[in-house]
Amino acid sequence: MTRHSLIVMALLSTVLVAACGGSDPPTGGGADPGKLVVYSGREEELIQPFFDEFADKTGVEVQVKYGDTPDLVATVLEEGDRTQADVFVGQDAAGLDKLRGEGLLQPYDRIERTPAAYRAADNSWTGLSGRVRVLIAGEGANPPDSVFDLADPRFKGEIAAPKSSNVSFRDWVSAIRLERGDAFARSYLEGLERNELEVLDGHGEVRKAVGEGEFDIGLVNHYYVELSKREGAKVQAIYTDQGDGQFGVPFNVASAGITKSAQNAANARKLIDFLLTPAVQRRFAANNYEYPLLEGLEVAPGVKPLDEVELTDVPLSRLAAAADGTDRLLDQVALGS
Amino acid sequence: MSTRRQRAARAREARAPLLVSAGAVALLCSLPLLYVLVRAAGAGAGTWAALLDRRVPGLLVNTIGLALVVVAATLAIGAGLAYLVVRTDLPARRALSVLCALPLAIPPYVGAVVYADVLGPRGALRDALGVEELPSIFGFAGAAFVLVLFTYPYVFLLASGALRALDPSLEEAARGLGRGGIVALALTTLRMTAPALGGGSLLVGLYVLSDFGAVSLMRFDTFTTVIYEELGGRFDPAGAAALSSVLVALTLLLLGAGRWLRRGGGYAQAGGGRARESVRELGLARWPLLAGVCAVLGAALVLPLVRLGSWSVATFGEEDLAEYGGWAANSLLVSTLAAGAAVIMALPVAVLLAGERARAGVPDRTARVLGWLAQAGYALPGVIVALALVAITTRFVEPLYGTLALLVAAFVIRFLPQAIQGEQAGLTLVAASLGEAARGLGAGRAAAFARVVLPLLRPSVAVSFAVVFLTAVKELPATLVLRPLGFDTLPVRVWTEARNGLSADAGPAALMLVLVSIVPLYVLLSRRSGGEPPPL
């Protein structure tokens, strides 16, 4: 009998673990011209149909790893230039802008398809589709015309928002800071905190809670309201501060970029080309209730056309740059804690 | 003639392979710790000050309070149920002994989705009662409620395993010596099962520290939820790592407490136990007790299954069953590999910890440190463990990156403590003198272990396998980051379908997840309660 059976056991288990990895293909897929690896922070439901269509059209095999945008950004930051991803699709621009800042993206050279306002200054990422920040109001709610009225005591206990780590929420706070100044933003957030703003896990939770009448008002992206309506919830979207010279509603984009070390860069460019074709852009609008980013395309019925919406005058690049300061402010105010 | 020094030298030499293998295991498991420490060191003084000042105190109160309440409640429920089904004449106790463990098959985050739906502001209970508004279930109470319901089986499994292995004649002897029933119970059974109870509550406590899904759905902030928040909006792992290091300190504290608990149980018996059945007659009390057991099962098992079933019916026909089969197969594969690797890798650590204790009163410092290193990362959020492995493999062992093996390794790192606790609890019941006797009869140390100790350990190895499997099969955060491309598991599907806040869409995947857990659990448990050796 061996007296080293414990070592043997430990080694065996290691071998077992190693063996089951042996049959798997190596990472990244090599330089196979027929492949493409996408990390997507966008929901499968919203974007997989387009990946499928691209695969059908081009014969490129698209492998997608879905995750929360921040987790995927953190993953790419750890992977560095050994990332498996060729394309990164984010729910917002901030995640991709972080990757840009770390030098992990390469320019997308046909970027002129996207209007300049909706892409990185160095062309390292482009918006894919747009959304505005609105209020979702439940049945019988008496929503305000201005988002700043939410600090009014009459809304006490009636407002739900996603966690401050939600990037759309954070960018909304950044927009308030940049437009109205830090002091105003702080006292407004403190007013929300006094009004017992309820911080929920994400937009899905917020629209559900408002749809069920738990709260009168929620802070969400406009398409969540349309999704709730499609499911039969009696809710409406409130575009706040729409008067001349007023704050308006901040605009943000879901976005995509190509990693610097992409092994399938040509296919990556092809995919982004495809996502920016008018046909796909129209379907972002029709299926997902989003704003197409190409000029002259229609929005879905029920969604307010962009030219009728007063947008907050803060460019995306400034939102991304303001993120750290906003985090500090949110830390200090500690909403919902 | 063998002097004391020679004996000590021989003992050291014999311990060497044990130390080496336990050391290798501890090294693997401390990789995430290493990562957290390196990253936390990158957090500037300002980050630390802000976190310590504003976040940490409240989080400590929340997290420790939740852990204490959940541990106390699971201990009462788990140990009570175990005693009832193993040692009393409760009606249908064989069936109940299996059923009581099954809530372990329901992931707490799935349970939380169900209860948020049923007890929520527009939930079924409100409609049933016809009232305008229910007291909110969100917050501490809801989080504690859900966690207790779906983690008490950890205590139940370990406690009933220990009770089965324990010879009932001890308690009878105490009673025969004139002690009253309760005193006899406290003096003998409770004391002998203290290691198992301690191990079970430790598992619960550590689980509470690490839970993300249930607490965030119940809108209660603990370290884990805030670590995600830090990592989330900030894209800066330093703050997350700083909070994680506090969490690691809490874990070590808990492990220390567990060791202290286990100290009370320094007793062993000389056989395999279960020489015969001993059943305590409950009399008329059996009916209210049975009702109590059914109430627990109704809340922890029946109601969630019914709700998931009704959601699945609502979406039936829209789903592609073959796809679900593939996801289920992936879940089974990765969890089986993880559980197998974990019970094997836990052995040297458990032997080192338990064996030393039996011989010298407490494990020596080396054993203790190795034990801590192997377990300290248990409460780390899965995403931190996953990011640590991404960082390490992409830099040093790139071929391993993106493979199934790496995902299995992550599971082993995350859940090894469950196997260590389970096996250690089993080992403490096996008298060290048995192994010594076998060696005295000429068997080598390893042979004595393999032929005498290991067979006696089989029940606890089986339970450990089951517990790790069941925890692994519902793992989500590390799976999301580390899974090979195209490798979806059932929890990933639940997450995918539930991302938009729709419960019904996640129904089929969640139900399937519960079923793939319940079936192996049921087989394992019913074999065991039938008296046959577990299938390992």
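Position numbers for residues count from 1 along each chain, tracking the sequence in the order it is written. Following the order in which they are written, the chains are lettered starting with A and the ligands numbered starting with 1. Under the rules for a predicted model, residues below a pLDDT of 70 receive no local features and side-chain atom pairs below 80 are neither given nor counted, while totals for whole chains, interfaces and linings still include all residues. Side-chain numbers come from the whole structure's heavy atoms, not from hydrogens or water.

Caption draft 1: Region of interest: the overall build of chain A. Per the convention used, a helix needs a DSSP run of H or I reaching at least four residues, while a strand needs a run of E reaching at least two, with both numbered from the N terminus. Across its full length, chain A holds 11 helices and 11 strands. Taking all 337 residues of chain A together, the buried fraction comes to 59%. Partitioning the contacts of chain A with sequence separation of at least 6, the portion at a separation of at least 24 is 76%. Where accessible areas are quoted, they stem from the Shrake-Rupley method and a 1.4 Å probe; at the residue level, only the protein chains shown are allowed to cover. Roughly 13000 Å² of accessible area belongs to chain A as shown, and the carbon and sulfur atoms make up 48% of that amount. Only protein chains enter the accessibility calculation, which uses a 1.4 Å probe. A residue is then buried if its area is under 20% of the maximum for its type, exposed if over 50%, and partly exposed in between. The contact criterion used is simple: two residues touch if any of their non-hydrogen atoms lie within 4.5 Å.

Caption draft 2: Local environment of a nonpolar patch on the surface. Nonpolar side chains (Val, Leu, Ile, Met, Phe, Trp, Tyr) within 5 Å and like charges within 9 Å form the patches, drawn only from residues with over 30% relative accessible area and no salt bridge. One speaks of a salt bridge when a side-chain nitrogen belonging to Lys or Arg is within 4 Å of a carboxyl oxygen belonging to Asp or Glu. Taken together, the side chains of Leu125(B), Leu129(B) and Val131(B) define a hydrophobic patch exposed on the protein surface, amounting to about 230 Å² of accessible area. Mapped onto the fold, Leu129(B) is located in helix 6 (residues 124–129).

Caption draft 3: Expanded view of helix 4 (residues 94–101) of chain A. Taken residue by residue, helix 4 of chain A has Ala94(A), Gly95(A), Leu96(A), Asp97(A) and Leu99(A) as its buried positions. Downstream of helix 4 of chain A by one or two residues, Gly103(A) has phi in the positive range, about 70°.

Caption draft 4: Region of interest: the packing of aromatic side chains. Within 6.5 Å between ring centres, the rings of Phe, Tyr and Trp (the latter by its six-membered ring) count as paired, and their orientation is classed by plane angle as stacked under 30 degrees, edge-to-face over 60, tilted in between. A complete count under the given rule lists 14 aromatic pairs over all chains for this structure. A centroid spacing of 5.2 Å and a plane angle of 70° characterise the contact between Phe148(A) and Tyr188(A), whose relative ring orientation is edge-to-face. Of this pair, Phe148(A) sits in the loop between strand 5 (125–138) and strand 6 (159–162) while Tyr188(A) is found in helix 6 (residues 182–194), placing the two residues 40 residues apart along the sequence. Ring centres 5.5 Å apart and planes at 75° place the aromatic pair Phe140(B) and Phe220(B) in the edge-to-face group. Taken as a pair, Phe140(B) in helix 7 (residues 140–165) and Phe220(B) in the loop between helix 10 (213–217) and helix 11 (223–234) lie far apart in primary sequence, 80 residues in all. A connected cluster of aromatic rings, assembled from ring pairs, spans Phe148(A), Phe169(A), Trp172(A), Phe184(A), Tyr188(A) and Phe247(A). Think of it as a cone above the ring: NZ of Lys or CZ of Arg counts as a charge over the ring if it is within 6 Å of the ring centre and within 35 degrees of the ring normal. Across from the ring centre of Phe184(A), 5.8 Å away, lies the NZ or CZ of Arg180(A), which sits over that ring. The residue whose ring lies beneath Arg219(B) is Phe138(B), and the NZ or CZ to ring-centre distance is 3.6 Å.

Caption draft 5: Up close: the domain arrangement of chain B. Residue and element names in this part refer to chain B. Bear in mind that the domain bounds are from an automatic or database domain assignment. In terms of domain boundaries, chain B breaks down into domain 1 (32–261 + 283–318) and domain 2 (319–499). Contacts between the two partners involve 39 residues from domain 1, matched on the other side by 38 residues from domain 2. What gets called buried area is simply the loss in accessible area from a 1.4 Å probe that two parts show on being joined, summed for both. For the domain 1 and domain 2 pair, buried surface summed over both sides reaches about 3400 Å², with 76% attributable to carbon and sulfur atoms. Per-residue buried area on domain 1 facing domain 2 is highest for Pro32, Tyr35 and Arg259; these three make up 17% of the total on that side. Each polar contact in these results corresponds to two N or O atoms within 3.5 Å; when the atoms are within protein, one needs to be able to donate a hydrogen and the other to accept it, and residues that are neighboring in sequence are counted only if both atoms are side-chain atoms. Taken together, the links from domain 1 to domain 2 amount to 4 residue pairs in polar contact (both at pLDDT 80 or more). Put simply, the parts of the chain that give the side of domain 1 that touches domain 2 at least two residues each are helix 2 (31–41), helix 5 (108–118), helix 7, helix 9 (181–210), helix 11 and helix 12 (237–263). In terms of residue count, helix 9 provides more of the side of domain 1 that touches domain 2 than any other element does, 10 residues in total. For this scheme, ten residues count as nonpolar: Ala, Val, Leu, Ile, Met, Phe, Trp, Tyr, Cys and Pro. Four count as charged, namely Asp, Glu, Lys and Arg, and the remainder, Gly too, count as polar. For the side of domain 1 that touches domain 2, the residue count by class is 30 nonpolar, 7 polar and 2 charged.

Caption draft 6: Structural context of the domain arrangement of chain A. Residues and elements named next belong to chain A. Segmenting chain A into domains produces domain 1 (35–130 + 253–303) and domain 2 (131–250 + 314–333). Each of domain 1 and domain 2 was reduced to a C-alpha centroid, and the two centroids are 26 Å apart. Listed as interface residues are 20 residues of domain 1 and, on the opposing side, 13 residues of domain 2. Carbon and sulfur atoms make up 56% of the surface buried where domain 1 meets domain 2, a total of about 1500 Å² over both sides. The largest contributions to the domain 1 side of the interface with domain 2 come from Ala94, Tyr289 and Tyr291, which together make up 32% of the buried area. Scanning the region where domain 1 abuts domain 2 turns up 0 salt bridges. Across the domain 1-domain 2 interface, the total number found is 4 residue pairs in polar contact (both at pLDDT 80 or more). Listing elements by their share of the side of domain 1 that touches domain 2, those giving two or more residues are helix 4, strand 5, strand 10 (251–259) and helix 10 (278–288). For the side of domain 1 that touches domain 2, the per-class residue count stands at 9 nonpolar, 6 polar and 5 charged.

Caption draft 7: Geometry of the pairing of strand 8 (residues 217–221) of chain A. Residue and element names in this part refer to chain A. Counting buried positions along strand 8 gives 5 out of 5 residues, so the element sits mostly inside the fold. Sheet analysis places strand 5 next to strand 8, joined by 5 bridges and oriented antiparallel. From the neighbouring strand, arginine 133 faces strand 8, where its bridge partner is asparagine 221. Here 2 bridges tie strand 6 to strand 8, and the two strands are oriented parallel to one another. Within strand 8, the position partnered with isoleucine 159 by the bridge is isoleucine 217. Should DSSP find at least two bridges between two strands, the strands are taken to pair.

Caption draft 8: Region of interest: the pattern of salt bridges. This structure, assessed with the given rule, holds 20 salt bridges over all chains. Its salt-bridge partner being Glu196(A), residue Lys156(A) comes within 4.0 Å of it at the nearest N-O pair. Taken together, the residues span a long stretch of sequence, with Lys156(A) in the loop between strand 5 and strand 6 and Glu196(A) in the loop between helix 6 and strand 7 (198–200) at a distance of 40 residues. A relative accessible area of 48% places Glu196(A) in the partly exposed class. Between Glu226(A) and Lys229(A) there is a salt bridge, with the nearest N and O atoms lying 3.4 Å from each other. One end of the pair is Glu226(A) and the other is Lys229(A), both in helix 8 (residues 222–230) and 3 residues apart, which spans about a single turn. Taken together, the shared-partner salt bridges connect Glu44(A), Arg483(B), Asp488(B), Arg493(B) and Glu497(B) into one network.

Caption draft 9: Layout of the nonpolar core. As used in this record, nonpolar core signifies buried Ala, Val, Leu, Ile, Met, Phe, Trp, Tyr and Cys residues forming a set joined through side-chain atoms within 4.5 Å. Residues Phe51(A), Leu150(A), Trp172(A), Leu416(B) and Leu482(B) are the most contacted members of the largest nonpolar core, which totals 275 residues. In terms of residue count, helix 14 (residues 321–360) of chain B provides more of this core than any other element does, 19 residues in total. Ignoring anything within four residues of it in the chain, the contact list for Trp172(A) reads Arg133(A), Val147(A), Tyr188(A), Leu192(A), Leu219(A), Phe247(A) and Pro250(A).

Caption draft 10: Structural view of the confidence of the model for chain B. Residues and elements named next belong to chain B. Confidence in the prediction for chain B averages 81 pLDDT; 81% of positions are at 70 or higher. Counted against residues more than four places away or in other chains, residues 529–536, with its pLDDT under 50, gives 17 contacts. The complex model carries a pTM of 0.81, and its ipTM stands at 0.78. Every residue is assigned a pLDDT by the predictor, reflecting its confidence on a scale from 0 to 100.

Caption draft 11: Representation of the confidence of the model for chain A in the model. Per-residue confidence for chain A gives a mean pLDDT of 85; residues scoring 70 or more make up 88%. For the stretch residues 1–31 of chain A, pLDDT sits under 50, and the model shows 47 contacts to residues farther than four places along the chain or on other chains.

Caption draft 12: Geometry of the packing of helix 6 of chain A against helix 11 (residues 316–333) of chain A. Residues and elements named next belong to chain A. Lines fitted to C-alpha atoms define the axes, with helix axes restricted to the stretch in contact, and inter-axis angles between N-to-C directions lie between 0 and 180 degrees. One way to put it is that helix 6 packs onto helix 11 with a least axis distance of 10 Å and a crossing angle of 40°. When the axis of helix 6 is compared with that of helix 11, the two are oblique. Both helix 6 and helix 11 take part in a crossing whose hand is right-handed. In contact with Ala185, Arg186, Leu189 and Glu190 of helix 6, helix 11 contributes Leu329, Leu330, Gln332 and Val333. Comment on the angle field: the value is read as roughly parallel under 35 degrees, roughly antiparallel over 145, roughly perpendicular from 65 to 115, and oblique elsewhere. Crossings are assigned a handedness: left-handed for a near helix turned anticlockwise from the far helix by less than a right angle, right-handed for a clockwise turn.

Caption draft 13: How the structure looks around helix 15 (residues 365–375) of chain B. Those residues of helix 15 of chain B that fall on the buried side of the exposure criterion are Ala367(B), Leu370(B), Gly371(B), Ala374(B) and Gln375(B). Down the axis of helix 15 of chain B, the buried side of the element spans an arc of 120°, and every buried residue falls inside it. This arc corresponds to the set of directions leading from the helix axis out to the C-beta atoms.

Caption draft 14: Fine view of the state of the cysteines. Residue and element names in this part refer to chain B. Counting rule for disulfides: a pair of cysteine sulfur atoms within 2.5 Å. For the structure on display, the rule yields 0 disulfides over all chains. With no disulfide partner, cysteine 294 has as its closest neighbouring cysteine sulfur the one in cysteine 100, 8.8 Å distant. A residue is classified by how much of its surface remains accessible, and cysteine 294, at 41% relative accessible area, is partly exposed.

Caption draft 15: Quick look at the environment of Thr403(B). Inspection of the secondary structure assignment puts Thr403(B) in the loop between helix 16 (382–396) and helix 17 (404–429). Residues Thr403(B) and Gly65(B) lie 338 residues apart in sequence; the distance between their C-alpha atoms is 39 Å.

Caption draft 16: Layout of unusual backbone geometry. For Glu196(A), which is not glycine, the phi torsion reads 60° and is therefore positive. Backbone geometry at Ala92(B) places phi at a positive 55°, although glycine is not the residue there. Mapped onto the elements of the fold, Ala92(B) is located in the loop between helix 3 (45–87) and helix 4 (93–99). Classification of Ala92(B) as exposed rests on a relative accessible area of 53%.

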